[in-house]
Amino acid sequence: MADTAVREFLHNLRLLPQTFKEAWLRLGKVPESEREESQATFHNFFLHIHSVRVHLRTLSPTLTWGLGLAATASFVILTITGVLLMVYYKPSTELAYQSMKDIHFTVATGRFIRNIHRWSAHVMVVAVFLHMARVFFTASYKKPREFNWLIGLALLVTTLGLSFTGYLLPWDQLAYWAITIGSNIANSPRELTDALGITRWFDPGGFQRQLLLGANYVGEDALIRFYVLHVFVLPLVLLILVGVHFWRIRKDGGLARPEDPMGGPAEWGGERRPVFEPLATKTYGLMAVVKGRRATVNRGPENTVMSWPHLLWAEMAVFMLTVAVSLILSFYFDAPLKELANPAIPENPAKAPWYFLGIQELVSYSAFMGGLVIPAIAVLGLALIPFLDRRPGGEGVWFGTPGERQVAWQSFLFALAVTIGMLTFTINFGWLRNWFPDIHQLWIIFINPGTLLVLFFAGWSLWVLERRNSVRLAAVALFTCFLIGFTLLTYFATVHRGPNWEFYWWPSQWPVH
Amino acid sequence: MKDPAQPYRGLLLVSSLATLVFLVAAAMRENYLADWQVLQREYRSILEAKATDPLGREVLASFHIELRQVSIPPLGRVDRCITCHLGIDDPRMSDVRQPFRTHSGDLLKHHSIDRFGCTVCHLGQGRATSYRDAAHQPLAFWDTPMLKGQYLQASCGKCHLGSVLPQAALLSLGRALYKEEFACDTCHRINDEGGTDCPELTHVGSKPLRGFDFSHVKGERTRPEWLFEHFKDPQAIVPDSLMPNPEMTDEQAVALTVLMLSLTDDIPPFDYILRPAAGVGMGLEGTDAAALFEGKGCLLCHQFAGQGGELAPDLAKLVSQRNADWLFRHFKNPRPTVPGSDISPRQLDDSEANELTRYVLSVH
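Rules of the game
Residues numbered from 1 in each chain as written. Chains lettered and ligands numbered in written order. Predicted model: local features only at pLDDT ≥ 70, side-chain atom pairs only at ≥ 80, totals over all residues. Helix = DSSP H or I, 4+ residues; strand = E, 2+ residues; numbered from the N terminus. Buried ≥ 20, exposed ≤ 12 C-beta atoms within 10 Å, placed from the backbone. Contact = placed C-beta atoms within 7 Å. Nonpolar A, V, L, I, M, F, W, Y, C, P; charged D, E, K, R; others polar. Expected span 1.5 Å × (residues − 1). Axes fitted to C-alpha atoms, helices over the stretch in contact; angles between N-to-C directions. Left-handed = near helix turned anticlockwise from the far one by under 90°. pLDDT = per-residue confidence, 0-100. Core = buried A, V, L, I, M, F, W, Y, C linked by C-beta atoms within 7 Å. Parallel < 35°, antiparallel > 145°, perpendicular 65-115°, else oblique.

(A) Seen up close, the overall build of chain B. Check the secondary structure of chain B and you find 16 helices and 6 strands. C-alpha extents for chain B along the principal axes are approximately 100 × 60 × 55 Å. For chain B, with 364 residues in total, the buried portion stands at 32%. Sequence separation of 24 or more characterises 54% of the internal contacts of chain B that already satisfy a separation of 6 or more.

(B) Inspection of the overall build of chain A at higher detail. Secondary structure assignment for chain A yields 19 helices and 4 strands. With the principal axes as the frame, chain A shows a C-alpha extent of 95 × 65 × 45 Å. Classification of the 513 residues of chain A by burial places 39% in the buried group. Long-range contacts, defined here as pairs at least 24 residues apart, represent 75% of the contacts in chain A between residues at least 6 apart.

(C) Broad picture of the interface of chain A and chain B. At the interface, 34 residues of chain A touch 33 residues of chain B. Going through the elements one at a time, α5 (96-105), α6 (110-137), β2 (267-268) and α12 (307-332) of chain A are the ones with two or more residues in the side of chain A that touches chain B. It is α12(A) that contributes the most residues to the side of chain A that touches chain B, 13 residues altogether. Of the residues assigned to the side of chain A that touches chain B, the class counts are 23 nonpolar, 5 polar and 6 charged.

(D) Summary view of helix α8 (residues 173-186) of chain A. With 14 residues, α8(A) should cover 20 Å at 1.5 Å per step; its first-to-last C-alpha distance of 20 Å lies within 8% of that length. Counting buried residues along α8(A), 13 of its 14 residues qualify, which places the element largely inside the surrounding structure.

(E) Representation of the packing of helix α15 (residues 404-429) of chain A against helix α19 (residues 471-495) of chain A in the model. All names here are of chain A. The N-to-C vectors of α15 and α19 enclose an angle of 35 degrees; their axes lie 8 Å apart at closest approach. Crossing geometry of α15 relative to α19 is assigned as right-handed. In contact with Glu404, Val407, Ala408, Ser411, Phe412, Phe414, Ala415, Leu416, Thr419, Ile420 and Leu423 of α15, α19 contributes Leu473, Val476, Ala477, Thr480, Cys481, Ile484, Gly485, Leu488, Leu489 and Phe492.

(F) Focus on the confidence of the model for chain B. Residue and element names in this part refer to chain B. With 93% of its residues at a pLDDT of at least 70, chain B reaches an overall mean of 85. No element of chain B has a lower mean pLDDT than helix α12 (residues 287-295), at 68, and none a higher one than helix α2 (residues 35-50), at 95. Confidence drops under pLDDT 50 across residues 277-287; counting only partners more than four residues distant or on other chains, this segment forms 36 contacts. At the level of chain-chain contacts, confidence expressed as ipTM amounts to 0.86, with global pTM at 0.84.

(G) Region of the structure containing the environment of His496(A). All names here are of chain A. Summarising the element assignment, His496 is placed in the segment after α19. Its 16 C-beta neighbours within 10 Å are what place His496 among the partly exposed residues. If near-sequence neighbours (up to four positions away) are discounted, His496 is found in contact with Phe503, Tyr504 and Trp505.

(H) Structural detail: the environment of Arg433(A). Residues and elements named next belong to chain A. Mapping Arg433 onto the fold places it in helix α16 (residues 432-435). Since 14 C-beta atoms lie within 10 Å of it, Arg433 is described here as partly exposed. For the pair Arg433 and Ile444, spaced 11 residues apart in the sequence, the C-alpha separation amounts to 7.6 Å. In this view, Arg433 contacts Ile439 and Ile444; residues no more than four positions away in its chain are not counted.

(I) Structural detail: the nonpolar core. Within the largest apolar cluster, 123 residues are counted, with the highest numbers of intra-cluster contacts made by Met124(A), Ala175(A), Ala317(A), Ala477(A) and Cys481(A). Contact partners of Met124(A), with chain neighbours within four places excluded, come to Ala71(A), Ser74(A), Phe75(A), Leu78(A) and Thr159(A). If you look at the next biggest cluster of nonpolar residues, it comprises 44 residues, including Leu123(B), Tyr151(B), Val204(B) and Leu261(B).

(J) View of the confidence of the model for chain A. Residues and elements named next belong to chain A. Looking at chain A, pLDDT values average 88 and 91% of them are 70 or higher. Contacts for the low-pLDDT stretch residues 266-270, under 50 throughout, to residues beyond four places or in other chains number 13 contacts. This stretch, residues 290-295, has a pLDDT under 50; its non-local contacts, to residues over four places away or in other chains, come to 12 contacts.

(K) Broad picture of the packing of helix α7 (residues 146-168) of chain A against helix α11 (residues 220-251) of chain A. All names here are of chain A. Running from amino to carboxyl end, α7 crosses α11 at an angle of 155 degrees, the nearest separation of the two axes being 9 Å. Of the possible angle classes, the one that applies to α7 and α11 is roughly antiparallel. For the crossing formed where α7 meets α11, the hand is left-handed. Of the residues assigned to the contact of α7 with α11, the class counts are 18 nonpolar, 8 polar and 1 charged.

(L) Region of the structure containing helix α8 (residues 169-181) of chain B. Inspection of α8(B) places Leu170(B), Leu171(B), Ser172(B), Leu173(B), Gly174(B), Arg175(B), Leu177(B) and Tyr178(B) among the buried residues, and these make up the whole buried set. Looking at the buried residues of α8(B), the elements they touch are α7 (156-159) and α11 (250-262) of chain B.

(M) Here's a closer look at the environment of Ile103(A). All names here are of chain A. Relative to the assigned elements, Ile103 resides in helix α5. Separated by 44 residues in sequence, Ile103 and Phe147 have C-alpha atoms that sit 42 Å apart. Once residues lying within four places of it in the same chain are set aside, the contact partners of Ile103 are Leu85, Tyr88, Gly110 and Arg114.

What follows is the structure, encoded as structure tokens:
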């Protein structure tokens, strides 16, 4: 310490780089001991959501395939590119399309940034779906993770909402007609209220559509609503939900995994380590701050490794892989931008965004059932899974209990056969309206290929429940059917539906007009 | 035991390298190797070769590689064509390759680029900055590809109404053929003129491409090709058409195609429009109204379309401030609509006032 204030000031000034580094990085160097590594995790705002040690299974790429992280990474990419696009995008029907053109043609790398935004959005939707399938098939929703499964479901819905609201913003023909279809789906309860003749008094469909569009048509009000939802409301909701989702992972004891065998392979880095032996005089259960059956007593902490740097490597690798995939796709494939939106010229076929095409196929049978009831049943069914399947076992292992793999295969083939069969039948022979032209619409609302598919799947699941005497196996059967049905319908509507929603083998066979 | 993070480190290295490579490649592709930048560098070398006199050296010194555009709010256009077409107003560039060559003819002398831009005549996508996106050729998702060769005369018809234009012989021929030779107006309608039994032609030149059935067209899928083939043999293009085969020569078919292409809804503001001194109007306005307008002596006091007196307000300004209802009442009886004015009533009946209102609004 210097003897005068001036000297002290100069001394501090000289040391500024070092003291600043210490204040900022705390440790000021790469952690060397496990103690320093744990502090690196624990004392960092961004890293402290991690536990200090992470189980080796968590790092196994074949357990998670990094799907949740990939979804998060896409969201980060989307936020960054989204903010850049907001600088140039003008949310008005007069200017939106022109600003898209200017982003393409004059903004430095604007086209590339928009491509990245588009492709990351697709990557995110796909990653979220696959992540859900991973969590299901590794039974990772089981107690105590039921609530996080619900948060995940909310995240799925929010992700679809974000993607859907972004779809309108370019204000081109693709956007305009996709959103018109989407808003008609919101309007679909009218099919039921019309059939019952009560639309004049009770019109939830019209209300939903008005709420979505702010008008009876897709116009300026709809554009502003979608813009506000897309750039503010839904990202905020997603951010909060992601925060809760991560926090719950930590509080629920990390990723789901089977119990380690007692004692455990106490070896890491060629060095045997002592197993933690419980003292008879202590009650360790009280010390457990996370949920779980026991504190990690009497078993090796040695199946875990330090989060810094191991988990960090894994996370950075998945993050950069997601970035690289988005960049490579964006480099070679431009995001579509069709003609300026024109309400007078319908796109034919007008198709919703791809992840809603399965629903649009169902809507083509019955708007009310396909657009509202069946999706609601699907979401409700997914939400109920962890509360109906409560027998522990198989957590954190792909098809972890006996018979799961077999039931999954059988359900795969069953759903494949039933869905393809139903589509083939409908295309070749039509449906009730073709056979009985004067039939009341209520018959078609309740008996159509969509509702029959749901019944077939539910029946199959109940049969598995009865026959295999296992709630988990019944859930596997139902979830597999849902996944296959969704995928097949989406594929079918994407590739094989042409003008007027007619069947065509390939888009090249669509009539030239 | 092996380090469990080992494969991730490899993956991180590979994906980070891929990210870096593609970021740099994209930055190069979009900011250094873009079509227009390559062309501008080539143009600079041409300028260097031609910088033999002080003026040439000055042009070279003021040349920067940058996006260029003409913004013309009245026409709703931003044209970036001059980003590549760099020599259109430089007479020294008559011998260099496109896109650098001097604009043909003396058209730019009468149509200053700052007032007209490019796409109001040539069509195409003015905001684009590459050959493909500018729609030099038919382009997916762009409804107005450039007009080529003789069909370009159609654009003259947007502003040059009714008059015989020596530079647009085909357009003039088309206008004559429409009424006199083939009497198309017996059946077809343009604005308020002509029959109502057949498809209206008022905006046929800007009918969306999607509205044309190209399944019987032999040539490329463009408006001019559809129209030309249709004039040569209507039933070959629209099998159940009731139109009698007019048995045209190729020249007549081209001339009428030019006329059709000139009938668009892309109507320039009224001060761009040159109205006929005399003769048949064909396009935007009904001649009756124009005659009425002059016959009732409006132009004695009012300014309109660059003519008329200066005693009363410019009608163009009034039109932009008032609605059709006000105009109608003004033509019927002007005094109550303009308190304190000494304008005298002109004795117009309802249909005449209506006609005038429509005319003034349509020209505006």
